[in-house]
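Spelled out from the first residue to the last, the chains are:
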Amino acid sequence: MRRNALLLLAVGCLVVLAGCSGALPGGADEPTTADAAAEMNYPDAVSANGTNVSALAAGHAEALNGTGFSLSLATAQNGSSGEQSAELDAAVGPDRERVRANVSGAGQRTEIYATAEKRYQRLSAGNETAYRVTNRTSQASQVVPSSLSGAVYLEQYAAATNANLTPDGVREIDGTTVVVLRADGANVSVPGGTNVTAYDATALVDERGIVHSFEVSVDTAQADSAATLSVSMNVSDVGETTVAEPSWLDEAKNSSTA
């Protein structure tokens, strides 16, 4: 039995957790005044007829350059092969020299702390803990991977499925005006002969092109198997995030496995 194509994407990304709810994702949803709605300028990738998702993902990553931010990601998949889930949270400093990221899933947890020179890892599974210290390359010090900006998830779960994210109103989220983009199953497709039986996606995007939230739920069928995949991503504390040293840093430095 072939595994569902979207499930392979999820496993390959190390992501997959809790599904979408009917409520708007992100921070506190505040009523939008008529003035705020009238003054909202769509980012370049968005028009009244739809969204160029690849351009939106690239613009999102570009808009986050040079500023600190936090990312949280939760995914879940439920299919004939069972249930799998994972969580990712990351804090990226404004200078890109310090980054912290935690990934949990399949009974394991990986914690990462990166400075301009070093990359420290704490690996936990059951009652066992191990540390790893490696040099951080100059290239890795200069840029933030698309997985930490969240751009890769927009590409894989919206652009790659040909989802048409269309404006559906304007909201105020934690004091920021955002356009609400929604997509349903119309024209959505995935490779590998997989049939998309249901698709629902919502994104909240500000005028700078920063995607503050992206949630997607996909039901698929292939041969005699069916599966549900949910992804929830939030970007927060833009321009306000700082990266503190983890409490286990000294242990990592002193570990014999370092």
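Peer 1: How would you summarise the overall build of the protein if you had to cite specific residues and measurements?
Peer 2: For the protein, the count of helices and strands is 7 helices and 14 strands. Relative to its 258 residues, the protein shows a buried fraction of 45%. Counted over contacts in the protein with a minimum sequence separation of 6, partners at least 24 positions apart contribute 61%. Total accessible area on the protein stands at roughly 12,400 Å², and carbon and sulfur atoms take up 45% of it.

Peer 1: Before we move on, can you summarise the packing of aromatic side chains with the specific residues and values?
Peer 2: This structure, assessed with the given rule, holds 2 aromatic pairs. Geometrically, the ring pair formed by Y113 and Y120 is stacked, given 6.3 Å between the ring centres and 25° between the ring planes. In this structure Y120 comes out as buried when scored by relative accessible area, which is 10%. Their ring planes at 35° and their centres at 6.3 Å tell us that Y131 and W248 sit as a pair that is tilted. Of the two residues, Y131 sits in strand β9 (residues 128-135) while W248 sits in the loop between β14 (225-236) and α7 (249-254), which places them 117 residues apart along the sequence.

Peer 1: Describe the nonpolar core, naming the residues involved and giving the relevant values.
Peer 2: L181, Y199, V211, F214, V216 and M233 are the most contacted members of the largest nonpolar core, which totals 47 residues. Counting 8 residues, the second largest nonpolar core, distinct from the first, contains A91, Y120, Y131 and W248.

Peer 1: Account for the pattern of salt bridges, naming residues and giving values.
Peer 2: If you walk through the whole model with that rule in mind, you get 4 salt bridges. With a closest N to O distance of 3.7 Å, E111 and R109 form a salt bridge. Owing to a relative accessible area of 9%, E111 belongs among the buried residues under this scheme. Taking the relative accessible area as the measure of exposure, R109 reaches 30% and is therefore partly exposed. When the shortest N-O distance is used, the salt bridge between D168 and R182 registers 2.7 Å. With D168 in strand β10 (residues 166-173) and R182 in strand β11 (residues 176-183), this pair connects stretches of sequence that are 14 residues apart. Classification of D168 as partly exposed rests on a relative accessible area of 40%.

Peer 1: Describe in detail helix α3 (residues 53-64), supporting the description with residues and values.
Peer 2: The end-to-end C-alpha distance of α3 is 17 Å, a good match for the 16 Å that 12 residues give at a rise of 1.5 Å each. Listed in full, the buried residues belonging to α3 are V53, L56, A57, H60 and L64. Looking down the long axis of α3, one finds its buried residues gathered within 100° of arc, a one-sided arrangement. One side-chain oxygen at the N-terminal end of α3 lies 3.3 Å from the backbone nitrogen of S54; it belongs to N52. Count one or two residues on from α3 and you reach G66, which has phi positive near 80°.

Peer 1: Can you tell me about the packing of α3 against helix α6 (residues 151-159), naming the residues and giving the values?
Peer 2: For the pair α3 and α6, interaxial distance at closest approach is 9 Å and the crossing angle is 170°. By the criterion of interaxial angle, the relationship of α3 to α6 is roughly antiparallel. Seen from α3, the contacting residues are V53, S54, A57, H60 and A61; seen from α6, they are A151, L154, E155, A158 and A159.

Peer 1: I'd like a description of the side chain of N102, backed by residues and values.
Peer 2: Note that N102 resides in strand β6 (residues 99-105). Residues within four places of N102 in sequence aside, it is in contact with E87, L88, D89, R109, T110, E111 and I112.

Peer 1: Could you give an account of α6, naming the residues involved and the relevant values?
Peer 2: With 7 of its 9 residues buried, α6 lies for the most part within the structure. When α6 is considered as a whole, its buried residues turn out to be A151, V152, Y153, L154, Y157, A158 and A159.

Peer 1: Tell me about unusual backbone geometry, and name the residues and values.
Peer 2: The phi angle at R96 is positive, at roughly 70°, despite the residue not being glycine. Secondary-structure assignment places R96 in the loop between β5 (82-92) and β6. For R96, a relative accessible area of 6% puts it in the buried group.

Conventions adopted
Residues numbered from 1 in each chain as written. Predicted model: local features only at pLDDT ≥ 70, side-chain atom pairs only at ≥ 80, totals over all residues. Heavy atoms only, no water. Helix = DSSP H or I, 4+ residues; strand = E, 2+ residues; numbered from the N terminus. Buried < 20%, exposed > 50% of the residue type's maximum accessible area, 1.4 Å probe, protein only. Contact = heavy atoms within 4.5 Å. Areas by Shrake-Rupley, 256 points an atom, 1.4 Å probe, with all protein chains shown as cover. Phe/Tyr/Trp six-rings, centres within 6.5 Å; stacked < 30°, edge-to-face > 60°. Core = buried A, V, L, I, M, F, W, Y, C linked by side-chain atoms within 4.5 Å. Salt bridge = Lys/Arg side-chain N within 4 Å of Asp/Glu carboxyl O. Expected span 1.5 Å × (residues − 1). Arc of directions from axis to C-beta. Polar contact = N/O pair within 3.5 Å; in protein donor to acceptor, adjacent residues only side chain to side chain. Axes fitted to C-alpha atoms, helices over the stretch in contact; angles between N-to-C directions. Parallel < 35°, antiparallel > 145°, perpendicular 65-115°, else oblique.

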